[in-house]
Each structure stands twice: as C-alpha cells, then as structure tokens.
Amino acid sequence: MDLKQLRDANREAARSILPIAIGMAPVGTPPPPHWNAPPPGRLKASLRVAATNRAGIVRAGRKAIPYAGVIHWGWPARHIRPHPWIMRAAQDNENVWMRVYMDHIDDILDQIKGI
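Residues numbered from 1 in each chain as written. Predicted model: local features only at pLDDT ≥ 70, side-chain atom pairs only at ≥ 80, totals over all residues. Heavy atoms only, no water.

> Whenever I open this one, the overall build of the chain confuses me. Can you help?
The number of helices and strands found in the chain is five helices and two strands. Dimensions of the chain, computed from C-alpha atoms along their principal axes, come out at roughly 70 × 25 × 20 Å. Split by element, the accessible area of the chain, about 8200 Å² in all, is 58% carbon and sulfur. (Helix = DSSP H or I, 4+ residues; strand = E, 2+ residues; numbered from the N terminus. Areas by Shrake-Rupley, 256 points an atom, 1.4 Å probe, with all protein chains shown as cover.)

> Please clarify how the pairing of strand E1 (residues 48-51) should be interpreted in this entry.
In summary, the side chains of a regular strand alternate between the two faces of the sheet. The pairing of E1 with strand E2 (residues 56-59) spans four bridges and is classified as antiparallel. Bridging across to E2, Ala51 finds its partner in Gly56. Joining the antiparallel neighbours E1 and E2 is a turn of four residues. (Pairing = 2+ DSSP bridges.)

> How do you make sense of helix H4 (residues 85-92) when you look at a structure like this?
Residues spaced three or four apart along an α-helix face the same direction, because each turn holds 3.6 residues. Within H4 the residues assigned to the buried category are Trp85, Ile86 and Ala89. In an axial view of H4, the angular spread of the buried residues amounts to 105 degrees, which keeps them on one side of the axis. (Buried < 20%, exposed > 50% of the residue type's maximum accessible area, 1.4 Å probe, protein only. Arc of directions from axis to C-beta.)

> Hey, could you run me through the packing of aromatic side chains in this one?
Each aromatic ring pair is summarised here by two numbers: the centre-to-centre distance and the angle between the ring planes. Inspection of the entire model under this criterion finds one aromatic pair. Summarising the aromatic geometry, the rings of Trp97 and Tyr101 are spaced 6.2 Å apart at their centres and angled 90 degrees between planes, so their arrangement reads as edge-to-face. Linking Trp97 with Tyr101, this pair stays in helix H5 (residues 94-111), spanning four residues, or about one helical turn. Here Trp97 falls in the partly exposed class, since its relative accessible area comes to 23%. (Phe/Tyr/Trp six-rings, centres within 6.5 Å; stacked < 30°, edge-to-face > 60°.)

> Please clarify how unusual backbone geometry should be interpreted in this entry.
Leave glycine aside and you will find that most residues have negative phi; peptide bonds, for their part, are mostly trans. Of note, His79 is a non-glycine position whose phi angle comes to about 60 degrees, a positive value. If you trace the backbone, His79 turns up in the loop between helix H3 (68-73) and H4. Residue class for His79 comes out exposed when judged on its relative accessible area of 73%.

> How do you make sense of H5 when you look at a structure like this?
An ideal rise of 1.5 Å per residue puts 26 Å on 18 residues; H5 measures up with 26 Å between its terminal C-alpha atoms. Turning to H5, its buried residues are Val100, His104 and Ile108. Looking straight down H5, one finds its buried side chains confined to an arc of 70 degrees; they lie on one side. Opposite the buried face of H5, at more than 90 degrees from it, the exposed residues are Asn95 and Asp110. (Expected span 1.5 Å × (residues − 1).)

> I would appreciate a short explanation of the nonpolar core in the present structure.
It is characteristic of soluble globular proteins that their nonpolar side chains tend to be buried jointly. Formed by 13 residues in total, the largest nonpolar core has its most connected members in Ala21, Leu43, Leu47, Val58, Trp85 and Ile86. Those elements that provide at least two residues to this core are helix H1 (3-24) and H4. Top element by residues in this core is H1. It accounts for four residues. The residues touching Ile86, leaving out its near neighbours within four places in the chain, are Ala21, Leu47, Val58, Ala60 and His72. (Core = buried A, V, L, I, M, F, W, Y, C linked by side-chain atoms within 4.5 Å. Contact = heavy atoms within 4.5 Å.)

Read these as layout, nothing more, since geometry by itself doesn't imply function.
Have a look at this one:
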C-alpha cells in the first residue's frame, strides 16, 4: 500500500465534510456603512481542505482572518464562547466520511491478490 493512498483518502474524507462545515459556519451581521469594515462571510469563505498521510483537515482562516480559531474554540479569558462548527460538522456526519474510508479500504483489498 502506498502512503499516497492514505493522503488521498484523507483529502476525500475532509472534502466530504467541507460543504457541511460551510453551511454551519457563523456569519456576522453587516456592519454599519460608516464603520468601513469588511462585509460578513469572510470566515465562511476561508474554509478549505488539506490532507496529510495521517489526517484530513478542514481549515478556516488565513493571515487576514486570524480570528477563525478564536471563533471556533473560544477564548475564555475574553469571554468568547466556542462555536466549534467544523468539529460538529464532522461529528454529525461521521457516516459520510466513514463511508469514504470504507470505500478506500475496499479498493485496497481488491488490489491485493489472493483475497
């Protein structure tokens, strides 16, 4: 078995969660026009998928959106409650990404001669 196969399975599993996480992502209210602030929805738009040989990852935020982790995990010292929508998307849809892994395992087993 090639480790690249694991990375591909992890990426596909993360991709299966991405649309669900996008749908669950918090979106703030539009700021007043005189605030000169960016429009809401930047956090939601920053969601993307990554994968390693060990994990599939749904990431949020970028350098210009440094608050993604705080919104997701909270910040008790600042009285910011967590809103772990990515984790909930994965937990609530375990059957979706587990099916991805099961299909990949079946494909690998089909490639093994003698089974």
